[in-house]
Amino acid sequence: MAKRTKIKDILASEQHDYQTTVMGWVRTFRNNQFIALNDGSTNANLQIVVDFNTMEEATLKRITTGAALSISGKIVPSQGKGQKYEMICEQLEILGDCDAEKFPLQPKKHSLEFLREIAHLRFRTNTFGAINRVRNTLSYAIHEYFQSRGFVYLHTPVITASDAEGAGQMFSVSILDKNNPPRNEDGSINYKEDFFGRATNLTVSGQLEAELGAMALSEVYTFGPTFRAENSNTTRHLAEFWMIEPEVAFNDLNDNMDLAEGLLKFCIEQAMSKNADDLAFLDQRLAEEEKQKPMNERSEMGLLESLQFVANNEFVRLTYTEAIDILRESTPNKKKKFAYPVDAWGVDLQSEHERYLVEKHFKRPVILTDYPKDIKAFYMRMNVDGKTVRAMDILFPGIGEIVGGSQREERLHLLEQRMEEMHIPTEEMYWYLDTRRFGTCPHAGFGLGFERLVLFVTGMGNIRDVIPFPRYPKNAAF
Ligand code: 4AD
Ligand code: MG
């Protein structure tokens, strides 16, 4: 094919009066004269001016919304408002027709719910173009942050036989005949005959394997898909989501918090500097959406403002116990406004409590530490009080929990004791315990839910809109 120039580069350049070729999809065609062409490099369209006197009638008719075109011509300063340059069309080829009657995307505003049903086409809207470019910048930023610090990117398995993490319900992986599986004498399914010779699942987290890597490479991180079969129909949960899990030998919880806070701020800064146009568009989008809400439900900050705010301010760090005291004394708790009232120490925090702390009380991101052991995983390091563990959750405005992590229990006898208390089979987990037997050391790590980060940075309201093809209960389309 002819060499093409990206529309983003044409619009960003100071040059004009040169010949080039562009390829993209028609957004609109006005007055048989002005084509708005988009190639996904930016939300800005390139205006192409065609001379309808010289163009064949049949070709003009085929320039419809959604059609794919290749156009060659001259880039000149634009006469009209709204764009710096435009192209004077000299040669136009229709690469792919698009029947305007049947094409579901019309040049008008569609609801996000409708666009979710046509997720295979929603990339072609300004909103989803912007979201996916920001998502791309954020994934690159994750790698850049860790790579520049000497971390090793570790690929942990997607299929796993361990279900020790206890992070959530698992999806099973099996090739046995569902209608007639081999059975043991007691009637249970005989997984010895299954593909792996044992029951296997899709992973809920790569942490345990990342810990094995960290015990030799010192600093590792994973970035891959994880799966949870919880029936959580919320705007914050997916059944398949991407998680970043760094694990670092010789780090304690303070180092862990610094690493996580630094990562979040770096990612936000990268998006602000590389996706300024997309974020300005999403800021506007959110502002319009906010206008539809009653006054008392509107957020105090716009998108760009809140990104700036998070990037420039220190996160508040406090213990679970301190947070419970604040929540217990809070107005919504006293006025019985919480769906889950906060009374006794030891209760798990609900997202209404997390959001109260972040959005109303501190008005900035919060890192909660030292949770009761009973509401956290077995591998978290026990504190001297014997009641709390060295856990940390990072809570973000509008999102709630964005990061969960801890310093790990590196002392073999305490880890074994905790596993027995929680009925986790120590024999089966010999490989995990081996790291504590052979050269154990203090170490810490965390998991960042990638889609929750994209949700925050794009200001979108539903996690199903920040991953191209969301998986959630009763939906695995595309
Ligand atoms: O808090 P979680 O369950 O922690 C772990 O899995 C640890 N193994 C992490 C570690 O220490 N290495 O999950 C970590 C993060 C959450 O804070 C949240 O951002 C995200 O993963 N997350 C989800 N995101 C989307 N949909 C879901 N169903 C999610 N569940 C957790
Ligand atoms: Mg968690």
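Heads up: the structure comes first, above all this text.
The structure reproduced in this document is the subject of the present report. (Residues numbered from 1 in each chain as written. Chains lettered and ligands numbered in written order. Predicted model: local features only at pLDDT ≥ 70, side-chain atom pairs only at ≥ 80, totals over all residues. Heavy atoms only, no water.)

### What about the overall build of the protein chain?
Note the threshold: Note on conventions: DSSP H or I runs of at least 4 residues are helices, E runs of at least 2 residues are strands, and numbering of each starts at the N terminus. Accessible area is worked out with a 1.4 Å probe on protein chains only. A residue is then buried under 20% of its type maximum, exposed over 50%, and partly exposed in between. Here the open area of atoms and residues is found with the Shrake-Rupley method and a 1.4 Å probe, where only the protein chains shown may cover a residue. Just so you know, the count uses Lys and Arg for positive and Asp and Glu for negative, and it drops His and the chain ends. Note on charges: their place is set at NZ of Lys, CZ of Arg, CG of Asp or CD of Glu.
On a plain count of helices and strands, the protein chain comes out with 14 helices and 16 strands. Reported as C-alpha extents along the three principal axes, the dimensions of the protein chain are approximately 85 × 60 × 45 Å. When the 478 residues of the protein chain are sorted by exposure, 50% land in the buried category. Carbon and sulfur atoms make up 50% of the accessible area of the protein chain, which amounts to about 23800 Å² in all. Across the protein chain, the centroid of the 56 positively charged side chains sits 5 Å from that of the 68 negatively charged ones.

### Here we look at the pattern of salt bridges
Just so we agree on the cut-off: We count a salt bridge whenever a side-chain nitrogen from Lys or Arg sits within 4 Å of a carboxyl oxygen from Asp or Glu.
Going through the model one piece at a time under the given rule, you end up with 30 salt bridges. Among the salt bridges present, the one from Arg-408 reaches Glu-247, with a minimum N-O distance of 2.9 Å. Here the residue Arg-408 occupies a position in the loop between β15 (400-407) and α12 (412-421), and Glu-247 occupies one in strand β11 (residues 240-249), the gap between them amounting to 161 residues. Residue classification places Arg-408 among the buried positions, given a relative accessible area of 2%. Of the charged contacts in the structure, one is a salt bridge between Asp-258 and Arg-317, with a shortest N-O distance of 2.9 Å. You can see Asp-258 sitting in helix α6 (residues 253-274) and its partner Arg-317 sitting in strand β12 (residues 316-319), a full 59 residues away along the chain.

### A short note on the side chain of Thr-203
For the record, the criterion: For this analysis, residues touch if any pair of their heavy atoms sits within 4.5 Å.
Topologically, Thr-203 is positioned in the loop between β9 (200-202) and α5 (207-217). A relative accessible area of 5% places Thr-203 in the buried class. Excluding residues that lie within four positions of it along the chain, Thr-203 makes contacts with Pro-157, Val-158, Thr-160, Pro-225, Thr-226 and Phe-227.

### Quick word on unusual backbone geometry
Positive phi outside glycine occurs at His-423, with the angle close to 55 degrees. By the element assignment, His-423 lies in the loop between α12 and α13 (430-437). At Lys-474, a position not held by glycine, the phi torsion is positive, near 70 degrees. With a relative accessible area of 88%, Lys-474 lands in the exposed category.

### Some words on the sheet that holds strand β3 (residues 46-49)
Cut-off, in case you're wondering: By definition, two strands form a pair when at least two bridges between them are found by DSSP. A fitted line through C-alpha atoms represents every axis, and for helices the fit uses only the stretch in contact; the resulting angles, taken between N-to-C directions, go from 0 to 180 degrees.
Here five strands make up a closed barrel; going around it, the order is β1-β2-β3-β5-β4 and the pairing mixed. Between one strand axis and the next, the sheet turns by 55 degrees as a mean value, whatever way the strands run. Strand direction decides the pairing type here: strand β2 (residues 34-38) and β3, joined by four bridges, are antiparallel. Following the sheet pairing, Ile-35 is matched in β3 by Ile-48.

### Let's talk about the site of ligand 1
What counts here: Residues are labelled near a given molecule or strand when at least one of their non-hydrogen atoms is within 4 Å of it. Whenever a nitrogen or oxygen atom comes within 3.5 Å of another N or O atom, the pair is scored as a polar contact, on the condition that within protein one atom can donate a hydrogen and the other can accept it, and that pairs from neighbouring residues in sequence are kept only if both atoms are in side chains. Each residue receives one of three labels: charged for Asp, Glu, Lys and Arg, nonpolar for Ala, Val, Leu, Ile, Met, Phe, Trp, Tyr, Cys and Pro, and polar for the others, Gly being one of them.
Neighbouring residues of ligand 1: 23 residues in total, closest Glu-165, Gln-207, Arg-228, Glu-245 and Glu-401. A distance of 2.8 Å separates an oxygen atom of ligand 1 from a polar side-chain atom of Arg-228. In this structure, a nitrogen atom belonging to ligand 1 sits 2.7 Å away from a side-chain N or O atom of Glu-245. With the chains in place, 92% of the 630 Å² that ligand 1 exposes on its own is no longer accessible. For the shell around ligand 1, the secondary-structure elements that each account for two or more residues are β11, β15 and β16 (443-449). In terms of residues, the shell around ligand 1 owes the most to one element, β15, which gives five residues. Taken together, the residues of the shell around ligand 1 sort by class into eight nonpolar, eight polar and seven charged.

### Regarding the pairing of strand β13 (residues 366-372)
For β13, the buried fraction is high: seven of the seven residues fall into the buried class. Here β12 runs beside β13; their pairing, made up of four bridges, is parallel. Residue pairing for β13: Thr-319 is matched across the bridge by Thr-369. Where β13 lies against strand β14 (residues 388-396), six bridges are found, and the strand directions are antiparallel. The residue bridging Thr-369 from the neighbouring strand is Met-392, located in β14.

### Concerning the environment of Glu-322
Within the element layout of this structure, Glu-322 appears in helix α9 (residues 320-328). Taking the relative accessible area as the measure of exposure, Glu-322 reaches 42% and is therefore partly exposed. With 89 residues separating them along the chain, Glu-322 and Asn-233 place their C-alpha atoms 31 Å apart.

### Observations concerning the environment of Arg-381
Looking at the secondary structure, you find Arg-381 in the loop between β13 and β14. The spacing of Arg-381 and Arg-418 is 37 residues in sequence and 10.0 Å in space, taken between C-alpha atoms. A distance of 2.9 Å separates polar atoms of two side chains, one belonging to Arg-381 and the other to Glu-410.

### Quick notes on the sheet that holds β11
To summarise the sheet geometry, strands pair through backbone hydrogen bonds and adopt either a parallel or an antiparallel arrangement. With mixed pairing, eight strands are arranged side by side in an open sheet as β6-β10-β11-β16-β15-β14-β13-β12. Of all strands in the sheet, those with a lone pairing partner are β6 (152-153) and β12, marking the two edges. Across five bridges, the pairing between β15 and β16 is antiparallel. Bridging from a neighbouring strand, Gly-405 pairs with Phe-446 of β16. Against the sheet, helix α4 (residues 126-147) contacts β6, β10 (219-227), β11 and β16, and its axis sits at roughly 150 degrees relative to β10. Strands in contact with helix α11 (residues 351-362) are β12, β13, β14 and β15; relative to β13, the strand with the most contacts, it is inclined by about 140 degrees.

### Notes on the packing of aromatic side chains
The line we're drawing: When two rings of Phe, Tyr or Trp (its six-membered ring) have centres within 6.5 Å they constitute a pair, described as stacked for plane angles under 30 degrees, edge-to-face for angles over 60, and tilted for the intermediate range. Two conditions define a charge located above a ring, namely a distance within 6 Å from the ring centre to NZ of Lys or CZ of Arg, and an angle within 35 degrees of the ring normal.
Taken as a whole and assessed by the stated rule, the structure comprises 18 aromatic pairs. Consider the rings of Tyr-145 and Phe-266, whose centres lie 5.8 Å apart with planes at 40 degrees: the pair is tilted. Taken together, the residues Tyr-145 in helix α4 and Phe-266 in helix α6 connect sequence positions 121 residues apart. With a centroid separation of 4.8 Å and an interplanar angle of 70 degrees, the aromatic rings of Phe-195 and Phe-196 are classed as edge-to-face. Taking relative accessible area as the criterion, Phe-195 reaches 59% and is therefore assigned exposed. Clustering of aromatic rings is evident, with ring pairs tying together Tyr-145, Phe-146, Phe-151, Tyr-153, Tyr-221 and Phe-266. Lying over the aromatic face of Tyr-472, Arg-464 brings its terminal NZ or CZ to 3.6 Å of the ring centre.

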